[in-house]
Amino acid sequence: MTSADVKQRAREIGFDACGIAPATELPELSALAAWLEQGHAGEMLYMHKSAGTRADIRRFLPGARAVVMTATIYNTEPAPSPETGRTPGTVRVARYARGEDYHVVLAERLEALLAWMRDRHPEPFRAAVFVDKHHVQERVYARHAGLGWIGKNTCLINPEIGSWILLAGMATSLPLEPDTPGFDQCGACTLCLDACPTGAIVDAHVLDATRCISYLTIELEGSVPDAQRTAVGDHLFGCDICQDVCPWNLAPPLTADAAWQPRVARDGASAAVLWQRSDQELHAFVRGSAMRHTSLARLRRNLALAIGNSGNAGLAAVLDRPGRGVPNAAHSAATPVVKEAVAWAKDRLGSAGS
């Protein structure tokens, strides 16, 4: 069984690209320690706890000799036009969260690839799959597997399919032949740095997560800092701005894969309508998607901020009716963080009205 065999089978299973990286000490892996030391991880304490494993994949899988990396296109929409506006009062959901939960989909496909490999290989071997939540620096191994380069926005960019891709992989004890690493093709471009509304990309290839809208809307448990609330705008879950402006995504390929097609109209949903849903209805709204990995209280907080940023003073009254005002229908709205966000939104809308 050769590297070419594995890559071919990966494409047959549904991955759009596949490459092999060596399970060795790669120079970029050491940058994580400095990034953590600078405080860029914020409340993501799990990053600190898993730093040792992330520094060497052989701690994730002892005896690993190769890393099978895959890339999967999740984009289902053309590049946005600057002239195309959005309906006021609606929310933004990052593209990767509009379809099925990628953690589940990609894990199942990797397990199918692993089963095929075990069936084809005459001798037993060790292997372990990883999909985002495991302790592996996927982008580093993806670059060394020839799948692209790590852009200035810190996303992996593939020269053929852009950056609307999900990364996942498998560490294995098999001595698979590695691919040639990708090389940086960002050049002098700084569009992603210039476009970030919160200044989260503090330097080329350096992201301060504590300023990133994705972190603020998904990972942050407490209140969004005052200085960043207006910049969060109408983002409910995640952010795509630094990828939207990337020249490598000007004509991005679209996927027809059923897993990534929106089955619920999450992006573009009315913030006021969502706010008035019960907790049970909000659960149904996020069910089966990556959005289920954050709490309802955080979603309520984000909805309150989106309503406050809408500029529509007429929506202030809506904030008094979480769960349509039915007693005990929206417990998540009673948390201190959500109450504080509601107070801020009302004050902002009151200023807009006057």
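Up top is the structure.
The paragraphs below set out a description of the structure included in this document.

The rules behind each value
Residues numbered from 1 in each chain as written. Predicted model: local features only at pLDDT ≥ 70, side-chain atom pairs only at ≥ 80, totals over all residues. Heavy atoms only, no water. Salt bridge = Lys/Arg side-chain N within 4 Å of Asp/Glu carboxyl O. Helix = DSSP H or I, 4+ residues; strand = E, 2+ residues; numbered from the N terminus. Buried < 20%, exposed > 50% of the residue type's maximum accessible area, 1.4 Å probe, protein only. Pairing = 2+ DSSP bridges. Axes fitted to C-alpha atoms, helices over the stretch in contact; angles between N-to-C directions. Contact = heavy atoms within 4.5 Å. Core = buried A, V, L, I, M, F, W, Y, C linked by side-chain atoms within 4.5 Å.

Let us now look at the pattern of salt bridges. By the definition in use, this model includes 19 salt bridges. The salt bridge partner of Asp-244 is Arg-95, with a shortest N-O separation of 3.4 Å. Remark: Arg-95 occurs in the loop between strand 3 (92–93) and helix 6 (102–120) and Asp-244 occurs in helix 11 (residues 241–244); sequence separation between them is 149 residues. Where Arg-324 meets Glu-281, a salt bridge forms, and the shortest distance between an N and an O atom there is 2.8 Å. Here Glu-281 lies in helix 13 (residues 279–286) and Arg-324 lies in the loop between helix 14 (296–308) and helix 15 (336–353), a separation of 43 residues in the sequence. Note on Arg-324: relative accessible area 39%, which makes it partly exposed. On the basis of relative accessible area, Glu-281 is assigned to the partly exposed category, the value being 28%. One salt-bridge network, held together by shared partners, links Glu-77, Arg-86, Arg-98 and Asp-267.

Here we take up the sheet that holds strand 2 (residues 66–73). One open sheet accounts for four strands, arranged 1-2-7-4; its pairing is antiparallel. Only two strands of the sheet have a single neighbouring strand rather than two, namely strand 1 (17–22) and strand 4 (127–130). Between one strand axis and the next, the sheet turns through 20° on average, direction left out of account. Lying over the sheet, helix 6 contacts strand 2, strand 4 and strand 7 (165–172), oriented at roughly 35° with respect to strand 7.

In this section: the pairing of strand 1. Most of strand 1 is tucked away, with five of its six residues classed as buried. Here strand 1 runs beside strand 2; their pairing, made up of six bridges, is antiparallel. Bridge pairing links Cys-18 to Thr-70 in strand 2.

On to the nonpolar core, then. Counting 84 residues, the largest nonpolar core has Tyr-96, Leu-113, Leu-236, Trp-275 and Met-291 as the members making the most contacts within it. Tallying contributions element by element places helix 6 first for this core, with eight residues. The residues touching Trp-275, leaving out its near neighbours within four places in the chain, are Arg-300, Leu-303, Ala-304, Ile-307, Val-318, Leu-319, Arg-321, Pro-322, Gly-323, Ala-333, Val-338 and Val-342. Ranked by size, the runner-up nonpolar core spans 26 residues in total, among them Ile-57, Leu-61, Met-69 and Ile-73.

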